[in-house]
Amino acid sequence: MARQKESFLSGAMILAGAGLISRVLGAVYRIPLSRVVGDEGIGLYQMAYPVYTMVLAISTVGIPLAISKLVAEKLAKRDGVGAYRVFQLSFILLLVTGLVFTVGMFLVARPYAIYVTKDIRAELSIKALAPAIMIVTAMSAFRGFFQGLQKMTPTAVSQVLEQVTRVITMFILAYLLLPRGVEFAAAGATFGAFTGALVGLGVMGFIYWRSRPTVVELLRARGRPQDSDRFIIARIASLSLPVSLAAIVMPLMTLMDSLVVPSRLQALGFEPATATALYGQLTGMAFPVMAMPTVVTAALSASLVPAVSEALALNDLNLIRHRAQASLRLTFLFTLPAVAGLYLLAREISAMLFREPQAGIPLMALSAGLMFLALQQTTSGILQGLGRTDIPVKNLLVGVLAKVAVTWSLTGTAAWGIRGAAYGTVIGFLIAASLNYAAMYVLTGSSVDVIAAVGKPVIATAVMAVFVRGGYDWAFRLSHSNTVATLAGISAGVAVYGLVLLALGGVTRRDFEIVPKVGPMAADILCRLGLLKR
């Protein structure tokens, strides 16, 4: 079991590492992009993405997760040919749906811009995003297949290269097209999604081509097909539909913001351009920074689906509980200090990244939502691995309804303004995460060890908070630079949190060993220094 745990968590860490690089690159591109196109350009850029992510969720998200789950199940049952057939059928299905939705999005771009965003300038950005859908859908079939094999490296490599290409493209095109107008610059930036996806697909195709002889022969050697194509397609549909609906809920939340937030701000007396700029600060600056630490829990969720599916196919309830508890513990371990750091340095981080300290207002309000978003992701992965893909979508939908109500009420109130939209998001994720956790407990009996998973990280976070704020103030007095002081505060917080956690016994040697190659080496060094028990 220990070896299996390390395999499952190592895969999560590989994805987390790639996700962290992608998130950092995402933050990097937002810095020059916000400086090139300004708040208004960021607002146009963000107005195009809700419809894109919603279409992508319908056409892409559910099927790859179904692929990973079914491939893992079939391999556990020694149905290798069936596992490979799942990939073949899914690839064809995704290719067709991707083409249909690409054409559809291009056709609805103008009416969507006119009647939904209320800004005709968003049409260009929506059209620039449309071609990416077909490419992303094809690429997601490969990713689901490799994740079902519990091989996370191909996904990680393609993810990083996709983001690098995307960032380079959007920066160059935004800069070159700016003289034609901010709407052209925003459209050029959104086109980076297509070039990035094209490179990502090329990488996945190359890895598959290189590994195909050994992979296909391995699968064919593991048994005879047990299910017909019709049954496989029905299973894919039954698993993917609830997941796709759940994926729709997230962009629906963003779409609700695009409909509610600017209009409610305008009702308070803000000019349309100012309301768009505030909306850009919330969705294009604050939310991406808040969501950046969830790279770990997003990777955990992706790894949990095939890992829990495998344990379920083997009817091993203890292994399911073991993996669920390990993932929840890591969720608290990584997100608690991030919540505190974002709250304490919200304005400073916003000024450093975007030269827009005002974005720290919604970021500070959003910081608590990080914990609930992370828990929602982790518990969704567990429930989806158990085959209960319907539960997360229902719970997230309840959360969205609560978010809309809170956002509508608070954003239109002078005392809250843009912070009201941020608090609405926090409430939405709080409700969804709580309902997911309750369902997970009923199905698996897994619960959180409060002392090990929460108590020690909370103590370490409290000590860390003192050094984060103190480190910033000390460095600012010496350097008179917000960037230097912010980095100093963050560095001090990371170091202190790690040391206090080690002193409290909040991490073990096994925790280090889940990080490929580097982890065991770091564990040996810490053991020699007396900071970690063998």
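What counts and what doesn't
- Residues numbered from 1 in each chain as written.
- Predicted model: local features only at pLDDT ≥ 70, side-chain atom pairs only at ≥ 80, totals over all residues.
- Heavy atoms only, no water.
- Helix = DSSP H or I, 4+ residues; strand = E, 2+ residues; numbered from the N terminus.
- Areas by Shrake-Rupley, 256 points an atom, 1.4 Å probe, with all protein chains shown as cover.
- Contact = heavy atoms within 4.5 Å.
- Core = buried A, V, L, I, M, F, W, Y, C linked by side-chain atoms within 4.5 Å.
- Buried < 20%, exposed > 50% of the residue type's maximum accessible area, 1.4 Å probe, protein only.
- Salt bridge = Lys/Arg side-chain N within 4 Å of Asp/Glu carboxyl O.
- Axes fitted to C-alpha atoms, helices over the stretch in contact; angles between N-to-C directions.
- Nonpolar A, V, L, I, M, F, W, Y, C, P; charged D, E, K, R; others polar.
- Polar contact = N/O pair within 3.5 Å; in protein donor to acceptor, adjacent residues only side chain to side chain.
- Expected span 1.5 Å × (residues − 1).
- Parallel < 35°, antiparallel > 145°, perpendicular 65-115°, else oblique.
- Left-handed = near helix turned anticlockwise from the far one by under 90°.
- Patch = residues over 30% accessible without salt bridge, like charges linked within 9 Å, V, L, I, M, F, W, Y side chains within 5 Å.
- Phe/Tyr/Trp six-rings, centres within 6.5 Å; stacked < 30°, edge-to-face > 60°.
- pLDDT = per-residue confidence, 0-100.

## Side note on the overall build of the protein chain
Item 1. For the protein chain, the helix and strand inventory stands at 19 helices and zero strands.
Item 2. Summed over all atoms, the accessible surface of the protein chain reaches about 21700 Å², with 68% contributed by carbon and sulfur.

## Let's talk about the environment of arginine 321
Item 1. Structurally, arginine 321 can be placed in helix α10 (residues 317–344).
Item 2. Sequence-wise, arginine 321 and serine 446 are 125 residues apart; in three dimensions their C-alpha atoms are separated by 5.4 Å.
Item 3. Among all residues touching arginine 321, those that are not within four sequence positions of it are Thr444, Gly445 and Ser446.

## Section: the nonpolar core
Item 1. Counting residues in hydrophobic clusters, the biggest one holds 131 residues, and the most contacted among them are Tyr52, Ile67, Val71, Met105, Ile126 and Phe145.
Item 2. With 19 residues, helix α1 (residues 2–76) is the single largest residue contributor to this core.
Item 3. Discounting chain neighbours no more than four positions away, the residues touching methionine 105 are Val51, Tyr52, Ile126, Leu129, Ala130 and Ile133.

## A closer look at the pattern of salt bridges
Item 1. Taken as a whole and assessed by the stated rule, the structure comprises eight salt bridges.
Item 2. Via salt bridges that share partners, Arg110, Glu123 and Lys127 belong to a single interconnected network.

## Regarding the packing of helix α3 (residues 122–148) against helix α4 (residues 153–177)
Item 1. Running from N to C, α3 and α4 point in directions that differ by 150 degrees, and their axes come no closer than 9 Å. The segment α3 lies against α4, with Met139, Arg143, Phe146 and Gln147 engaging Pro154, Thr155, Ser158, Gln159 and Glu162.
Item 2. Of the residues belonging to the contact of α3 with α4, the class tally is three nonpolar, four polar and two charged.

## Observations concerning the side chain of threonine 411
Item 1. Following the sequence through the fold, threonine 411 ends up in helix α14 (residues 390–411).
Item 2. In this structure the side chain of threonine 411 is engaged in a polar contact, spanning 2.7 Å, whose partner is the backbone oxygen of threonine 407.
Item 3. Ignoring sequence-local partners within four residues, the contact set of threonine 411 consists of Val261, Arg264, Leu265, Leu268, Val406, Gly417, Gly420 and Ala421.

## Some words on helix α15 (residues 418–444)
Item 1. An ideal rise of 1.5 Å per residue puts 39 Å on 27 residues; α15 measures up with 40 Å between its terminal C-alpha atoms.
Item 2. Once α15 finishes, glycine 445 follows within two positions and takes phi at roughly 80 degrees, a positive value.

## Brief notes about the packing of α14 against α15
Item 1. Axis separation between α14 and α15 bottoms out at 7 Å; the angle between their running directions is 155 degrees. The orientation of α14 with respect to α15, classified from their angle, is roughly antiparallel. Read as a crossing pair, α14 and α15 show a hand that is right-handed.
Item 2. By residue class, the composition of the contact of α14 with α15 is 15 nonpolar, nine polar and one charged.

## Considerations on unusual backbone geometry
Item 1. Even without glycine at this site, arginine 355 takes up a positive phi of about 55 degrees.
Item 2. Position of arginine 355 among the secondary structure elements: in the loop between α11 (346–354) and α12 (360–366).
Item 3. Phi is positive for histidine 480, which is not a glycine, with a value near 55 degrees.
Item 4. Inspection of the secondary structure assignment puts histidine 480 in the loop between α16 (450–479) and α17 (482–504).

## What about a nonpolar patch on the surface?
Item 1. Judged by side-chain polarity, Val164, Ile168, Phe171, Ile172, Tyr175 and Leu176 come together as a nonpolar surface patch covering roughly 570 Å² of accessible area.
Item 2. Relative to the assigned elements, phenylalanine 171 resides in helix α4.
Item 3. Overall, the relative accessible area of 37% leaves phenylalanine 171 in the partly exposed class.

## Brief notes about the environment of alanine 433
Item 1. Mapped onto the fold, alanine 433 is located in helix α15.
Item 2. The buried category is assigned to alanine 433, whose relative accessible area is 5%.
Item 3. Spatially, the C-alpha atom of alanine 433 lies 9.2 Å from that of methionine 371, the residues being 62 residues apart in sequence.
Item 4. Sequence-distant contacts of alanine 433, defined by excluding residues within four places in its chain, comprise Phe372, Leu375 and Gln376.

## Some remarks on the packing of aromatic side chains
What describes a pair of aromatic rings is the distance from one ring centre to the other and the angle between the planes of the rings.
Item 1. Applying the stated criterion across every chain, the model contains 12 aromatic pairs.
Item 2. Residues phenylalanine 206 and tryptophan 209 carry aromatic rings whose centres are separated by 6.2 Å and whose planes lie at 35 degrees to one another, so their mutual orientation is tilted. Residue phenylalanine 206 and its partner tryptophan 209 are located together in helix α6 (residues 192–220), separated by three residues, close to a single helical turn.
Item 3. Judged by its relative accessible area of 46%, phenylalanine 206 falls in the partly exposed class.
Item 4. Look at tryptophan 416 and tyrosine 423: their rings are 5.6 Å apart centre to centre, the planes differ by 90 degrees, and that puts the pair in the edge-to-face class.

## Notes on α14
Item 1. For α14, built from 22 residues, the straight-helix expectation of 32 Å at 1.5 Å per residue is met to within 8% by its first-to-last C-alpha distance of 31 Å.
Item 2. Within the sequence span of α14, burial applies to Ile391, Pro392, Val393, Asn395, Leu396, Gly399, Val400, Ala402, Lys403, Thr407, Leu410 and Thr411.

## Let's talk about the environment of alanine 453
Item 1. Along the chain, the position of alanine 453 falls in helix α16.
Item 2. Of the residues examined, alanine 453 reaches a relative accessible area of 4% and is grouped as buried.
Item 3. When the C-alpha positions of alanine 453 and leucine 333 are compared, they lie 6.9 Å apart, and in sequence the two are 120 residues distant.

## Regarding the confidence of the model for the protein chain
Item 1. Residue-level pLDDT values for the protein chain average 81, and 84% of them are 70 or greater.
Item 2. A low-confidence stretch, residues 1–6 stays under pLDDT 50, and its non-local contacts, those more than four residues away or across chains, total 11 contacts.
Item 3. Segment residues 515–519: pLDDT under 50, and six contacts once partners within four positions in sequence are set aside and those in other chains are kept.

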